[in-house]
Amino acid sequence: MRKRIALVIRLFNEAGKAVHAMPLIILQPLVTFLALGIALGSWLVIAILIESSGSPTMEGTSNGGITAECQFKKDSFTLFSRWWNLFMITWMTQFVLGCQHLIVAGAVSIWFFTRDKRKIEFPIALSYARLLRYHLGSIAFGSLIVAIVKMIRYILNTVQKRLGGTNVICKGLAYCCQCFIWCLEKFLIFLNRNAYIEIAIHGYGFCKSAKKAFNVIVNNALRLAAINSIGDFVLFLAKISIVVLTVFIGHELIKNKNDIHHIWVPLTLGGIFAYFVAHCFISVYEMAIDTVFICFCEDCEINDGLEKPYYMSKSLMEFVKNSEKVDHKTRKERKK
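Bear in mind that the values here come from a model prediction, so they are computed numbers and not experimental data. (Residues numbered from 1 in each chain as written. Predicted model: local features only at pLDDT ≥ 70, side-chain atom pairs only at ≥ 80, totals over all residues. Heavy atoms only, no water.)

Here the focus is the environment of Arg153. Structurally, Arg153 can be placed in helix 4 (residues 123–163). The class of Arg153 is partly exposed, set by a relative accessible area of 21%. C-alpha of Arg153 to C-alpha of Ile181: the two residues are 28 residues apart in sequence and 6.3 Å apart in space. Setting aside residues up to four positions removed in sequence, Arg153 forms contacts with Gln178, Ile181, Trp182 and Glu185. Within polar-contact distance, the side chain of Arg153 engages the side chain of Glu185 at 2.7 Å. (Helix = DSSP H or I, 4+ residues; strand = E, 2+ residues; numbered from the N terminus. Buried < 20%, exposed > 50% of the residue type's maximum accessible area, 1.4 Å probe, protein only. Contact = heavy atoms within 4.5 Å. Polar contact = N/O pair within 3.5 Å; in protein donor to acceptor, adjacent residues only side chain to side chain.)

To continue, consider the pattern of salt bridges. The full count for this structure, using the stated rule, is seven salt bridges. Across the pair Glu185 and Arg153 runs a salt bridge, and its minimum N-O distance is 2.7 Å. With Glu185 in helix 5 (residues 168–202) and Arg153 in helix 4, this pair connects stretches of sequence that are 32 residues apart. By relative accessible area, Glu185 is classed as buried at 1%. One salt bridge in this structure joins Lys212 and Glu298, with 3.9 Å as the shortest N-O distance. Of this pair, Lys212 sits in helix 6 (residues 206–219) while Glu298 sits in helix 8 (residues 264–302), and the two are 86 residues apart along the sequence. Connected via shared salt-bridge partners are Lys150, Arg153 and Glu185. (Salt bridge = Lys/Arg side-chain N within 4 Å of Asp/Glu carboxyl O.)

What follows is the structure, given as structure tokens:
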């Protein structure tokens, strides 16, 4: 466990170096936010058109026999359009997030697999170019799979609400299906994230990259568990620290203003906004950590440090050498 914690610390340091070498990568969430805003705006306009369409029918009468209200009844095509619009925004959201993952992974992998870091030129622009030229189909396919699973969960949730308390067995089966689909969705999102890193490193298609990513995950399951547990906890503490600091500064700024009667309202809104902003920007650093880890695993698999020198930094090389010494010592003790 101590070795895995040491690896997490080194990965954090390497990811920090990568972000420091490419500071503009921190602005990637702004591009993602703009793209998501355009997608959500388009979805909202189409949703309004769908909800305002249909055949007008008069329903309900007042005491004088005059029709009280006019409602628009939806035909089967309109109802299908409502679900299709929901599916498209789900797909587009996953597609935009996938593009961000691939851009960050591409830039960090270029930085990692360049021996002389001073010779790196425009890694973010190069990552954008590779995405637009080669990998849009892979991102579309990966995001499509997640969107289909999400839609199945939405449909099951709708069916579950309509069943109500009519049948306990049906309700229990619906809950089991919901749980299974939720687990499948989380696994696919996690696998897609690592598949995008493999795409950025090797340039493979989605299926081959997903298979390679799954093999890396299985072969480094304990290391990955340490990164996901310790690393996620540290990043969560960072987000909470930003929120606490924001709320504290906000409280100090407005505590003496007499025209604000409910001080908790702006502080709560500021805290929520601070957490959202912190999550967006720290997600870039989190993706950089995951990319450095996958690059480290690929470097250990492809190279041996002798005839084929490693691309990794001296810090990670020391970790590999120390791990080999410990493993060699453990083998000797087992033989005795």
